[in-house]
Amino acid sequence: MNLYKKNLQKVLENIQKANTKNEKIHLVGVSKSVTSEVVKQMYDEGLSSFGENKVQVLSSKINDLKNEKISWHFIGRLQSNKINQLIDLNPVLWHSCDSLKKAIEFNKRLESKNKTQNTLLQINSANEDEKQGVSVELACEIYEQISLTCKQIRLQGVMSIGAFSDDEKMIQKSFEKTYKIYEKLKPQGAIYCSMGMSSDYELAIKCGSNMLRIGSVLFH
Ligand SMILES: *Cc1c(COP(=O)(O)O)cnc(C)c1O
């Protein structure tokens, strides 16, 4: 069995084990550290959603793999001067909208192109200086403001990166905070709670995640 098939099967098996409530859980393969050829190999094993954190790299991989039916996600920090380029790439989901200001900027460009963008609001759930995202306290309010003022942005839920910590309890706490916000936003159309990476996806599932962004354990 080839390596990628083995990795994918193991991850899918672990997801199934952790998913005791039998929810529909989406797996996004984070391909930022591998080549387009490797993405193609993983795609051939049955994974069809991939995420990138740099617009330039996303663009070249989309171009390399334009004949495959891949759903591309954008999960990285977005610089203002890359907004137009990202919109033109038509990602299925922008996970990392991290402020009202960014949303307003993005919305303006969408208006001028007469397009819409499915989007998640990124939450800095462990309140870490080095991390992007809105605070837990303001998340619902900002979500609502974006919904009201940015008509071309289709908010579909929230995204968060677990606390940088060796202490599982700390990570769990950050996931629980994000999930609570997600639940509050369900009446406003939130359908995705994107949390969980290679080191913490099983915990994320237990805390209610329904979208995992997994890189290293799939591609090592
Ligand atoms: C790199 C990255 C991931 C995947 O991380 P792994 O630990 O390799 O699974 C998930 N989300 C974001 C935002 C990332 O930048």
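See the structure above.
In what follows, the accompanying structure is described. Starting afresh in each chain, residues are numbered from 1 along the sequence in its written order. Local features in this predicted model are restricted to residues of pLDDT 70 or higher, and side-chain atom pairs are both shown and tallied only at a pLDDT of 80 or more, whereas totals for entire chains, interfaces and linings draw on every residue. With hydrogens and water excluded, all non-hydrogen atoms of the structure serve as input to the side-chain values.

Some remarks on the packing of helix α6 (residues 139-149) against helix α7 (residues 168-185)
Working step 1: Think of each axis as a best-fit line through the C-alpha atoms, taken over the contacting stretch in the case of a helix, with angles from 0 to 180 degrees between the N-to-C directions. In DSSP terms, a helix is any run of H or I states spanning at least four residues, a strand is any run of E spanning at least two, and both are numbered starting from the N terminus. Where α6 contacts α7, the two axes come as close as 10 Å, and the packing angle between them is 40°. In terms of axis orientation, α6 runs oblique to α7. For the pair α6 and α7, the sense of crossing is right-handed. Note on element contacts: α7 touches α6 through I181, K184 and L185, opposite A139, C140 and Y143. Should an angle lie under 35 degrees it is considered roughly parallel, over 145 roughly antiparallel, and from 65 to 115 roughly perpendicular; all remaining angles are considered oblique. Crossings are assigned a handedness: left-handed for a near helix turned anticlockwise from the far helix by less than a right angle, right-handed for a clockwise turn. Pairs of residues are marked as contacts when any of their non-hydrogen atoms sit within 4.5 Å.

Focus on the nonpolar core
Soluble globular proteins tend to bury their nonpolar side chains together.
Working step 1: We define a nonpolar core as any set of buried Ala, Val, Leu, Ile, Met, Phe, Trp, Tyr and Cys residues linked to one another through side-chain atoms lying within 4.5 Å. For every residue, the accessible area (1.4 Å probe, protein chains only) is compared with the maximum for its type, and the residue is labelled buried under 20%, exposed over 50%, or partly exposed between those bounds. Judged by nonpolar contacts, the single largest core of 59 residues is most densely connected at F50, F106, I146 and I153.
Working step 2: Listed in part, the 6 residues of the second largest apolar core include V28, M159, Y192 and M211.

Here we look at the site of the ligand
Working step 1: Lining the immediate surroundings of the ligand are V30, K32, I75, I161, M197, S198, R213, I214, G215 and S216.
Working step 2: S198 places a polar side-chain atom, nitrogen or oxygen, 2.5 Å from an oxygen atom of the ligand.
Working step 3: A distance of 2.7 Å separates an oxygen atom of the ligand from a polar atom in the backbone of G215.
Working step 4: For accessible areas, the Shrake-Rupley method is used with a probe of radius 1.4 Å. Any residue's cover is judged against the shown protein chains and nothing else. Here the ligand loses 83% of its free accessible area of 380 Å² to cover by the protein chains.
Working step 5: In this structure the site holding the ligand corresponds to the largest pocket.
Working step 6: Of the residues belonging to the shell around the ligand, the class tally is 5 nonpolar, 3 polar and 2 charged. Any residue with at least one heavy atom within 4 Å of a molecule or strand is counted as near it. Here a polar contact means two N or O atoms within 3.5 Å. Within protein one must be a hydrogen donor candidate and the other an acceptor candidate, and residues neighboring in sequence count only if both atoms are side-chain atoms. Cavities and pockets were defined on a 1 Å grid built over protein atoms only: a cavity is a set of grid points that admits a 1.4 Å probe from which the probe cannot escape, a pocket is an open set flanked by protein on both sides within 12 Å along at least five of seven lines, and lining residues are those with an atom within 4 Å of any such point. Cavities and pockets are treated as containing a molecule whenever more than half of the molecule's atoms lie within 2 Å of their grid points. Each residue is assigned to one class: nonpolar for Ala, Val, Leu, Ile, Met, Phe, Trp, Tyr, Cys and Pro, charged for Asp, Glu, Lys and Arg, and polar for all the others, Gly among them.

Overview of the layout of surface pockets
Working step 1: Grid points are joined across faces, edges and corners, and a volume is the space filled by probe spheres set on the points. A volume near 380 Å³ is recorded for the largest pocket.
Working step 2: Lining the largest pocket are 18 residues, and of these K32, N53, I75, I161 and M197 sit closest to its centre.
Working step 3: Residues of the lining of the largest pocket, tallied by class, amount to 6 nonpolar, 7 polar and 5 charged.

Some words on the packing of aromatic side chains
Working step 1: Two aromatic rings, drawn from Phe, Tyr or Trp (for Trp, its six-membered ring), form a pair once their centres lie within 6.5 Å of each other, and the interplanar angle then sorts them: stacked below 30 degrees, edge-to-face above 60, tilted otherwise. Within the structure shown, the criterion is met by 4 aromatic pairs.
Working step 2: Summarising the aromatic geometry, the rings of F50 and W72 are spaced 6.0 Å apart at their centres and angled 45° between planes, so their arrangement reads as tilted. Separated by 22 residues along the polypeptide, F50 in strand β2 (residues 49-52) and W72 in strand β3 (residues 71-74) bring together distant segments of the chain. With respect to burial, F50 and W72 carry one shared label: buried.
Working step 3: Aromatic side chains W94 and F106 sit 4.1 Å apart centroid to centroid with 15° between the ring planes, which places their arrangement in the stacked category. With W94 in strand β4 (residues 93-97) and F106 in helix α5 (residues 100-113), this residue pair connects regions lying 12 residues apart in the sequence.

Describing the pairing of β2
Working step 1: Residues S49 and G51 line one face of β2 and the alternating positions F50 and E52 line the opposite face, and both faces are buried.
Working step 2: Pairing between two strands requires that DSSP report at least two bridges joining them. Two strands pair when backbone bridges link them, and strand β1 (residues 26-30) and β2 are joined in this way by 2 bridges, in the parallel orientation. Paired with V30 across the two strands is G51, which belongs to β2.
Working step 3: Note on handedness: a clockwise path from strand one over the helix to strand two, with the strands aimed away from the viewer, defines a right-handed crossover. Handedness of the crossover joining β1 and β2 through helix α2 (residues 36-44): right-handed.
Working step 4: As a crossover connection, the stretch from β2 through helix α3 (residues 55-64) into β3 is right-handed.

Such coordinate-based values are descriptive only and should not be taken to indicate function.
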